[in-house]
Amino acid sequence: DDASIQTLGRWPWPRDYHAELINKLTKAGAKVIGFTVLVSEAQMDAGSIYIKDMMDFYDKSSLSAAAPFQTPAPAGSTAPVAAKTASISVPGNLRADLEDLRQRLQAADDVTDTDSKLAAAMQQSGAVVVPMMFVQGDPLGNQGSPTPDYIQRNAIGKVTQDPEDVQPLATKEMTPPYDVFGKAAGGIGYLNEFPDPDGVLRAEPLALRYYDSYYPSMSLAIAMKDLNLTSKDVQVLPGKGVQIGKLFIGTSADFFMNNFYYSGVNGQPAFPVYSYADVKQGKIPPDSFKGKIVLIGATAAGITSGFPTPTSAYVQPALIEANVVSSILQQNFFTHPGWARWVTLLALLGIIAYLAVGLPRLKPGIAAMVSTGIIVLLLLVEFGLMKSKFMWLPLMVPVQMLIIGHLVVTIIRSGMLNKMLVRSEADSAESNKMLGLAFQGQGQLDMAFEKFRKCPMDDSIADLLYNLALDYERKRQFNKAGSVYSYVNDFNPKFRDIAERLNRSKQMEGTVILGGGGGGTAGTLMLGDTVQKPMLGRYQVEKELGKGAMGVVYLGRDPKINRVVAIKTMALSQEFDADELTEVKARFFREAETAGRLNHPNIVTIYDAGEEHDLAYIAMEFLKGKDLTSRTKGNALLTPKAVLEIIAKAADALDYAHTQNVVHRDIKPANIMYDEEKAEIKVTDFGIARITDSSKTKTGMVLGTPSYMSPEQLSGKKVDGRSDLFSLGVTMYQLLAGQLPFQADSMATLMFKIANETHAPVTLFRGELPASIDTVIEKAMQKDPEQRYQRGAEFAKDVRACAAQVSS
């Protein structure tokens, strides 16, 4: 404590101070000594090191031939130590001086080697329990160096096999005591603290798992020593508790015991606390410790940090240990019976029924009395059982629900809620109105409509919506303009010329903008029952399907053979400047040339390409199903079997494309269409593929999605089909793990990770998968292309071999 530091000097003290104290407690008859100070390394000051160097020099020099040191006794030997015989003859006075020097060095070493003194004190006592520390977490691999024997002998001897639904706390790192003390101690236990999320220390795990062994807490180790038991007499029962000899302690599934914290009597503390200096100086009668468990620990400010407990805002670790040890030995720990959850659930249902049915029918005064009575009853039951039976029923949640529910019902009755809601709605309406105007000014008409619809309708909001519909018409988005006019019409059918505007918009809702002339006027064709549907080349446009990587995608039909197609378009003159247009058109048609050369069941088929209405278009196979983007999240992942079948087929498709000198360059889930009903896939969008034997494409051009790109593609090097196999490996990883193998907050960091770092094994996220899958992914994602799969067929073969090991 602070007084001891003032008396004995600043911390840490030489360990012979601790040795002297332990010797005093041993002599006084202390039954168990819990030494809570972590001693994980040797304590050697500069003087001690220097003296040992001098002794080593003396022993190796010619001086030792005249007056040698004593020969160290073998470990554990009780035989007297014999001195070495002098091997040279020197004058008597010199021999006496050398002998005196030798004795002085030996004495100095004895004085400064405080670790040996403390270890000797522990050895003599035989009842000193020392701490170790663990780092919580599941180990990612196997244990490296073996556990020291002096630690292993403290492992709990009997462990019942873990039920599948019970996961005891696991640890991955250990900080053992210095081996000199670990070998001399009578017991070892861990001293970690595990406060609840609110910081309060309510429970302690009596055992932790370190790889394949279980180790006791220090409080459990002290209790075992007090009961004259060893770790071999302890049994852990996952999901039930811990058996110590004939004493059974009920715990949670992960061995947490709900501690009891003792209060003092008549102003006296529950446990007597003595100053370290007073005991060391003999001011405390030795009888105070006879037959007792004595805990040695720090309480001085700056040396240790306390924890809040249910009974105090600040308790030092040594006093926490005292409470836990007493809870074990006095069997005062709180139990949480299995039926407690049902009691809590019934209480919650009863409170809900009271709030919904009973409370609204009572007068305010009577309702307050009834609610107060229920709260008092629940509190009396919870704290009464804790006090009398050491049984914990969690009834505070029903109490909190009743208090909050009663307040809400009271507020509703008083009309305060309606006033608050009216005021809130007015503020919200004004905010939505201002946001709508801001979005409209920025051209974000959809966002503006969303905000205006949240405002209560009146003539001023109708005016704003009318102007918004006119903006939609200016952008030739007649279907959206019609939605706005219809919304205003529902409010007031006689508002301005809303009826005429609405009728006109319905006629124009089928209009599709298919491009513009050089003068900037856009041409339109009508889609509907009464007008001719637009044509692109020989294809009849039916409706818009969505936005593709290069532009709008429409559903079309070839009237001659009645074949349904997907038409991919791009208004090149509107998207690019005139000086870029020629190069962009060449690239667009090169996409058609590239993909048109491919004929494979797992590659989308290209039928035709052309240009009309200033639109370049490609007619391709209409695919059912969806792309795999939605199947990359944790709650929507496909089965491993389905993923492996998809990847194998995609690898076959890429193998075929690569034999045609076609590199996709943008393999990712969004470019693989999957029909779940037929379990078929199609690789799409060879739009940024490069024909490796074509001189039209710039060498080293980097295109594609960075998260899936190979290291050589990121660095701008020339790529081949092995780059696609790297991207397919990333896709396989994401579909199995639900996340990308490389993630970062910036593009530069992401590119560095892809080029230099290794990814975590996919089996880390999907433990049920065979290790062969990690091997396949690792080969596919090698940084060096020469180390990867050289062909998609090789990749597909290994993936199918993995699939054979995976159940449906």
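Rules and cut-offs
- Residues numbered from 1 in each chain as written.
- Predicted model: local features only at pLDDT ≥ 70, side-chain atom pairs only at ≥ 80, totals over all residues.
- Heavy atoms only, no water.
- Pairing = 2+ DSSP bridges.
- Helix = DSSP H or I, 4+ residues; strand = E, 2+ residues; numbered from the N terminus.
- Phe/Tyr/Trp six-rings, centres within 6.5 Å; stacked < 30°, edge-to-face > 60°.
- Buried < 20%, exposed > 50% of the residue type's maximum accessible area, 1.4 Å probe, protein only.
- Lys NZ or Arg CZ within 6 Å of the ring centre and 35° of its normal.
- Axes fitted to C-alpha atoms, helices over the stretch in contact; angles between N-to-C directions.
- Parallel < 35°, antiparallel > 145°, perpendicular 65-115°, else oblique.
- Left-handed = near helix turned anticlockwise from the far one by under 90°.
- Contact = heavy atoms within 4.5 Å.
- Nonpolar A, V, L, I, M, F, W, Y, C, P; charged D, E, K, R; others polar.
- Polar contact = N/O pair within 3.5 Å; in protein donor to acceptor, adjacent residues only side chain to side chain.
- Salt bridge = Lys/Arg side-chain N within 4 Å of Asp/Glu carboxyl O.
- Arc of directions from axis to C-beta.
- pLDDT = per-residue confidence, 0-100.
- Patch = residues over 30% accessible without salt bridge, like charges linked within 9 Å, V, L, I, M, F, W, Y side chains within 5 Å.
- Areas by Shrake-Rupley, 256 points an atom, 1.4 Å probe, with all protein chains shown as cover.
- Core = buried A, V, L, I, M, F, W, Y, C linked by side-chain atoms within 4.5 Å.

Visitor: Even after reading the chapter, I still don't get the sheet that holds strand E24 (residues 626–627), so can you show me in this structure?
Guide: What holds strands together in a sheet is hydrogen bonding between their backbones, with the strands either parallel or antiparallel. Spatially, 3 strands are ordered E24-E26-E27 in an open sheet, and the strand pairing comes out antiparallel. Two strands lie at the open edges of the sheet, namely E24 and strand E27 (680–683), each paired on one side alone. With 2 bridges connecting them, E24 and strand E26 (residues 672–675) associate as antiparallel partners. Within the sheet, the bridge partner assigned to Asp627 lies in E26 and is Met673.

Visitor: Looking at this structure, I do not really get the packing of aromatic side chains. What am I missing?
Guide: Working definition: an aromatic ring pair is given by the centre-to-centre distance plus the angle between the planes. Per the counting criterion, the structure on display carries 18 aromatic pairs. Taken together, a centroid distance of 6.3 Å and an interplanar angle of 40 degrees make the contact between Trp13 and Tyr17 tilted. Judged by its relative accessible area of 3%, Trp13 falls in the buried class. Three or more aromatic residues joined by ring pairs form one cluster here, namely Phe134, Tyr190, Tyr210, Tyr211 and Tyr215. Positioned above the aromatic ring of Tyr466, the side-chain terminus of Arg496 is 4.7 Å from the ring centre. The aromatic ring of Tyr607 is capped on one face by Arg563, whose charged end is 3.7 Å from the ring centroid.

Visitor: I tried to follow the packing of helix H22 (residues 640–659) against helix H27 (residues 792–803) on my own but got confused; where do I start?
Guide: Packed helix pairs are specified by the crossing angle of their axes together with the interaxial distance, meaning the distance between the axes. Between H22 and H27, whose axes approach to 8 Å, the crossing angle comes to 165 degrees. Looking at the two axes, H22 sits roughly antiparallel to H27. For the crossing formed where H22 meets H27, the hand is left-handed. Of the residues in H27, those touching H22 at Lys641, Leu644, Ile647, Ala648, Lys649, Ala651, Asp652 and Asp655 are Gly792, Ala793, Phe795, Ala796, Val799, Arg800, Cys802 and Ala803. A class-by-class count of the residues in the contact of H22 with H27 yields 10 nonpolar, 1 polar and 5 charged.

Visitor: It is not clear to me how the side chain of Thr147 should be interpreted in this structure. Could you clarify?
Guide: Mapped onto the fold, Thr147 is located in the loop between strand E2 (128–136) and helix H7 (149–152). Here Gln143 takes part through its side chain, which lies 2.8 Å from a polar atom of the side chain of Thr147. For Thr147, the contacting residues outside a window of four places in its chain are Gln152, Met174, Tyr210 and Tyr215.

Visitor: Help me understand the pattern of salt bridges in this model?
Guide: Oppositely charged side chains can form a pair if their charged atoms are brought close together. Tallied over the entire structure, the rule returns 20 salt bridges. The partner of Asp652 in a salt bridge is Arg800, with the nearest N and O atoms 2.6 Å apart. With Asp652 in helix H22 and Arg800 in helix H27, this pair connects stretches of sequence that are 148 residues apart. Taking relative accessible area as the criterion, Arg800 reaches 40% and is therefore assigned partly exposed. Several salt bridges converge on common partners, so that one network encompasses Asp196, Asp198 and Arg202.

Visitor: Please explain the sheet that holds strand E9 (residues 234–237) as it appears in this structure.
Guide: Taken together, 4 strands build an open sheet; the order of strands is E3-E9-E10-E11 and the sheet is mixed. Edge positions in the open sheet fall to strand E3 (158–159) and strand E11 (247–250), since each of these has one partner strand only. Of the pairings in the sheet, the one linking E9 to strand E10 (residues 241–244) comprises 4 bridges and is antiparallel in character. Residue pairing in the sheet places Leu237 in a bridge with Gly241 of E10.

Visitor: What's the story with helix H26 (residues 771–780) in this structure? I'm lost.
Guide: Residues spaced three or four apart along an α-helix face the same direction, because each turn holds 3.6 residues. Within the sequence span of H26, burial applies to Ile773, Asp774, Val776, Ile777 and Ala780. Projected onto a plane normal to the axis of H26, the buried residues spread over an arc of 165 degrees and lie on a single side. Along H26, exposed side chains directed more than 90 degrees from the buried face belong to Ala771 and Thr775. Where H26 is buried, its residues touch H22, helix H24 (721–737) and H27.

Visitor: Quick question: what am I supposed to make of the environment of Gly738 here?
Guide: With respect to the helices and strands, the residue Gly738 is situated in the loop between H24 and helix H25 (747–756). We classify Gly738 as partly exposed; its relative accessible area is 22%. Spatially, the C-alpha atom of Gly738 lies 4.8 Å from that of Lys633, the residues being 105 residues apart in sequence. Aside from chain neighbours lying at most four places away, what touches Gly738 is Thr632, Leu637 and Tyr733.

Visitor: Sorry, what's going on with the confidence of the model for the protein chain here?
Guide: Predicted coordinates in areas of low pLDDT are best not read in detail. Residues with a pLDDT of 70 or more make up 83% of the protein chain, whose mean pLDDT is 82. Of all the helices and strands in the protein chain, strand E17 (residues 522–525) carries the lowest mean pLDDT, 37, while strand E13 (residues 293–296) carries the highest, 96. Note that residues 71–83 has pLDDT below 50 and, in this model, 6 contacts with residues that lie over four places away or in other chains. Segment residues 689–704: pLDDT under 50, and 39 contacts once partners within four positions in sequence are set aside and those in other chains are kept.

Visitor: Just to check I follow, could you spell out a nonpolar patch on the surface for this structure?
Guide: A surface patch of nonpolar side chains, about 600 Å² in accessible area, is lined by Trp342, Leu345, Leu346, Leu349, Ile352 and Met401. At 5 residues, helix H12 (residues 340–358) tops the list of elements feeding residues into the nonpolar patch. Along the chain, Trp342 turns up in helix H12. The exposed category is assigned to Trp342, whose relative accessible area is 55%.

Visitor: How should the side chain of Ser727 be read in this particular structure?
Guide: The residue Ser727 is located in helix H24 in this model. On the basis of relative accessibility, which here comes to 3%, the residue Ser727 falls in the buried class. Ignoring any residue separated from it by four or fewer positions in sequence, one finds Ser727 in contact with Ile667, Tyr708 and Met709.

Visitor: Looking at this model, I keep getting lost on unusual backbone geometry. Mind explaining?
Guide: Glycine aside, a negative phi is what most residues show, and trans is what most peptide bonds show. Across the junction of Trp11 and Pro12, the peptide omega takes the value 0 degrees, indicating a cis bond. For Pro12, the location among the structural elements is in the loop between helix H1 (2–8) and helix H2 (15–28). The backbone of Asn562 shows a phi angle near 55 degrees, a positive value even though the residue is not glycine. According to the relative accessible area criterion, Asn562 is exposed, its value standing at 52%. The backbone phi angle of Arg665 is positive, close to 75 degrees, even though this residue is not glycine. Tracing the backbone through its elements, the reader meets Arg665 in the loop between strand E25 (662–663) and E26. Residue classification places Arg665 among the buried residues on the basis of a relative accessible area of 6%.

Visitor: Whenever I open this one, the nonpolar core confuses me. Can you help?
Guide: Generally speaking, a soluble globular protein has its nonpolar side chains buried in company with each other. The biggest cluster of nonpolar side chains holds 65 residues, and the ones touching the most others in it are Met732, Ile773 and Phe795. The element contributing the most residues to this core is H22, with 11 residues. Not counting the four nearest positions on each side in its chain, Ile773 is found in contact with Leu644, Met732, Leu736, Val762, Cys802 and Val806. By size, the runner-up hydrophobic cluster in this structure holds 43 residues, among which are Met174, Ala185, Leu208 and Tyr210.

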